[in-house]
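Structural description and commentary
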Amino acid sequence: MNASFKYSFSKPSMNIKGLVVALSFILAPAMYADEEAVELLNRMNRALHELNYNGTLAYVKGDTLSSLHIEHSVVNGVKTERVVRLNEEGNEISRELQGFSLASIPRISPEMNAVYSFDMGRENRVADISCRIITARPKDRKRYLQKYCIDSKTGMLLDYMLVGKSHKPVEQF
């Protein structure tokens, strides 16, 4: 079957109207992805603050690799978190680690929208759990790029990377 299409742009207003319609189909998914990415980041922040979770985390900062065990719980509105460094055998080698908390990841605010663009990426798997990649791209040269992989079902952060100006990871877990 051979189909032929005939286009007529005799009126200038039809050209502009057709262009606007075409652009709306092209740009709508990109605008929707931004909103969807920000919503998933906000779900991640709520999950990090409100869910009970525990597990082992590989944390890399610079050239240092650490294994951490994290326990986070919320009981009657009271949050408790315990982070300890583990040795190679998985045993505790230090008491609570101060200054590291998944719940300290900042919430997305209108100010952040002014300095970052948020892009929804492809599906990925971490620890055999499906997650969605979100990239926070700085709009200036003062900030670092951030990549998140978030479980779409629970909002839990499964993978994170902070990428420096040299395009190398500065921090990741």
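Residues numbered from 1 in each chain as written. Predicted model: local features only at pLDDT ≥ 70, side-chain atom pairs only at ≥ 80, totals over all residues. Heavy atoms only, no water.

Some words on the overall build of the protein chain
To keep things clear, this is the line we draw: A run of H or I in DSSP becomes a helix once it reaches four residues, and a run of E becomes a strand once it reaches two; helices and strands are each numbered from the N terminus. Each residue is assigned to one of three classes by its accessible area relative to the maximum for its type, calculated with a 1.4 Å probe on protein chains only: buried under 20%, partly exposed between the two thresholds, exposed over 50%. Contacts are assigned to residue pairs that have any heavy atoms within 4.5 Å of one another. Surface exposure here means Shrake-Rupley accessible area, sampled with a 1.4 Å probe, where a residue is shielded only by the protein chains that are shown.
Along the protein chain, the regular secondary structure elements total 2 helices and 9 strands. In sequence order, the protein chain lays out its α and β elements as α-β-β-β-β-α-β-β-β-β-β. With 173 residues in all, the protein chain has 31% of them scored as buried. Partitioning the contacts of the protein chain with sequence separation of at least 6, the portion at a separation of at least 24 is 36%. Approximately 12,000 Å² of the protein chain is accessible, and the part contributed by carbon and sulfur atoms is 55%.

Here we look at the pattern of salt bridges
Our working definition: Salt bridges are identified by distance alone: a Lys or Arg side-chain nitrogen within 4 Å of an Asp or Glu carboxyl oxygen.
If you walk through the whole model with that rule in mind, you get 5 salt bridges. D119 is the salt-bridge partner of R137, the closest N and O atoms lying 2.7 Å from each other. Within this pair, whereas R137 is found in strand β6 (residues 129-138), its partner D119 is found in strand β5 (residues 116-126), the two being separated by 18 residues in sequence. The class for D119 is partly exposed, based on a relative accessible area of 26%. With its nearest N and O atoms 3.9 Å apart, the salt bridge here joins E123 to R132. Take E123: its relative accessible area is 43%, and that puts it in the partly exposed class. Since its relative accessible area comes to 23%, R132 is described here as partly exposed.

A few points about the nonpolar core
As a reminder, the rule being used: Nonpolar cores are built from buried Ala, Val, Leu, Ile, Met, Phe, Trp, Tyr and Cys residues. Side-chain atoms within 4.5 Å join them into one set.
Counting residues in hydrophobic clusters, the biggest one holds 30 residues, and the most contacted among them are F100, F118, Y148, L157 and F173. Contributions of two or more residues to this core are made by α1 (12-50), β1 (53-61), β2 (64-75), α2 (110-115), β5, β6, β7 (145-150) and β8 (157-163). Residues in contact with F173, not counting those within four places in the same chain, are L57, A58, Y59, F100, L102, I105, L157, L158, D159 and Y160.

Topic: the pairing of β5
To keep things clear, this is the line we draw: Strand pairing is defined by DSSP finding a minimum of two bridges between the two strands.
For β5 and β6, the ladder comprises 9 bridges, and the chain directions are antiparallel. Counterpart to N124 in the pairing with β6 is C131.

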